[in-house]
Amino acid sequence: MKKIVLILFVSILCTTVYGEKVVGKYYLSYFNQSYDIEASEIKDGKFTLYIQVHGGSQSTKAMLFVESDELKEFTQSLLQMKTKFEEWSKVAKENNVTEMSKKMDINFPPTSICWFFTEWYFSFYHTLIPAFMILKDGTYAVSIVEEATSSSNEYIDETIYWVFSDPKEIDDLISQLDAEKIKSKLEADDNASDLFK
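Since the model is a prediction, treat every value here as computed from it, not as a measurement. (Residues numbered from 1 in each chain as written. Predicted model: local features only at pLDDT ≥ 70, side-chain atom pairs only at ≥ 80, totals over all residues. Heavy atoms only, no water.)

Caption draft 1: Here's a closer look at the packing of aromatic side chains. Counted by the stated rule, this structure contains 15 aromatic pairs. Note on Phe65 and Phe124: the rings are 6.2 Å apart at their centroids and 90° apart in plane angle, and the pair reads as edge-to-face. Remark: Phe124 occurs in strand S7 (residues 120–126) and Phe65 occurs in strand S4 (residues 61–67); sequence separation between them is 59 residues. Both residues of the pair, Phe65 and Phe124, belong to the buried class. Put simply, the rings of Tyr50, Phe65, Phe122, Phe124 and Tyr125 pair up and form one aromatic cluster. (Phe/Tyr/Trp six-rings, centres within 6.5 Å; stacked < 30°, edge-to-face > 60°. Helix = DSSP H or I, 4+ residues; strand = E, 2+ residues; numbered from the N terminus. Buried < 20%, exposed > 50% of the residue type's maximum accessible area, 1.4 Å probe, protein only.)

See the structure below:
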């Protein structure tokens, strides 16, 4: 029964992902690339937010997805990550630390990953663990690297890379993750679409 519910859920997600609307963009200087923030249609007052991240392959579109009712907790974790990034950068500068990698004790809510290669694949309930790094060129960064295995095929996997090399990049992302603003944007788009029947 549990397996049938999961398969049904994946089927619904597959059809939903193709109907997403771009509600924002953010930039990661580490990859010198902008990434989309997309949202599903509102159903029963809720929506799913898809945050594009860097996939292991250039041809892969990879995304984290978060339900709207978990968005506040997710955003709080990002804020904690940003604060710790600033604190540890300051400590590293003051103590002339030039190379290191250390995991941060930040509790993100369980997060799911999806990616498109030849079709959409889904991997559920990941615990994202950020790490503070000082790279060889002296750049400070916070990275989340997570390997995901498809729930429908254990032989298909993908690694995602989410690397922030400036706390302002995290701020920029957080500023676009307000559930009420996203909901208003989706409703406005739906209202405009309803004019043309």
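Structure shown, so let's carry the discussion forward.
Caption draft 2: Region of interest: the nonpolar core. Tyr26, Leu49, Phe74, Leu78 and Trp162 are the most contacted members of the largest nonpolar core, which totals 42 residues. Counting residues per element, this core draws most heavily on helix H2 (residues 71–94), at seven residues. Core analysis: the next-biggest nonpolar cluster, separate from the first, contains seven residues, Tyr50, Phe65, Trp120 and Phe124 among them. (Core = buried A, V, L, I, M, F, W, Y, C linked by side-chain atoms within 4.5 Å.)

Caption draft 3: Quick look at the packing of H2 against helix H3 (residues 167–174). Look at H2 against H3: their axes get within 9 Å of each other, and the N-to-C directions meet at 165°. In terms of orientation, H2 and H3 fall into the roughly antiparallel class. Relative to H3, H2 is oriented so that their crossing is left-handed. Between H2 and H3, the residues in contact are Thr75, Leu78, Leu79, Met81, Lys82, Phe85 and Glu86 and Pro167, Ile170, Asp171, Leu173 and Ile174, respectively. Its residues assigned to classes, the contact of H2 with H3 shows eight nonpolar, one polar and three charged. (Axes fitted to C-alpha atoms, helices over the stretch in contact; angles between N-to-C directions. Parallel < 35°, antiparallel > 145°, perpendicular 65-115°, else oblique. Left-handed = near helix turned anticlockwise from the far one by under 90°. Contact = heavy atoms within 4.5 Å. Nonpolar A, V, L, I, M, F, W, Y, C, P; charged D, E, K, R; others polar.)

Caption draft 4: Examining the pattern of salt bridges more closely. Taken as a whole and judged by the stated rule, the model has six salt bridges. Of the charged contacts, one joins Lys61 and Glu38 as a salt bridge, the two residues approaching to 2.9 Å between their closest N and O atoms. With Lys61 in strand S4 and Glu38 in strand S2 (residues 33–39), this residue pair connects regions lying 23 residues apart in the sequence. A relative accessible area of 27% places Lys61 in the partly exposed class. Lys90 is the salt-bridge partner of Glu94, the closest N and O atoms lying 3.8 Å from each other. With Glu94 and Lys90 both in helix H2 and four residues apart, the pair spans about one turn of that helix. The exposure class assigned to Lys90 is exposed, which follows from its relative accessible area of 53%. A single network of salt bridges, built from pairs that share partners, joins Lys82, Glu86 and Asp171. (Salt bridge = Lys/Arg side-chain N within 4 Å of Asp/Glu carboxyl O.)

Caption draft 5: Region of interest: the pairing of strand S6 (residues 111–116). The buried fraction of S6 amounts to five of the six residues, a majority that puts the element mostly inside the structure. As paired elements, S4 and S6 share five bridges and run antiparallel to each other. Considered in S6, the bridge of Lys61 is made with Phe116. In this sheet, S7 lies alongside S6 in antiparallel orientation, the contact comprising five bridges. Each bridged residue has a counterpart across the sheet, and for Trp115 the counterpart in S7 is Tyr121. Taking the residues that link successive antiparallel strands as the turn, the S6-S7 hairpin has three residues. (Pairing = 2+ DSSP bridges.)

Without other data, these values stay purely geometric and don't point to any function.
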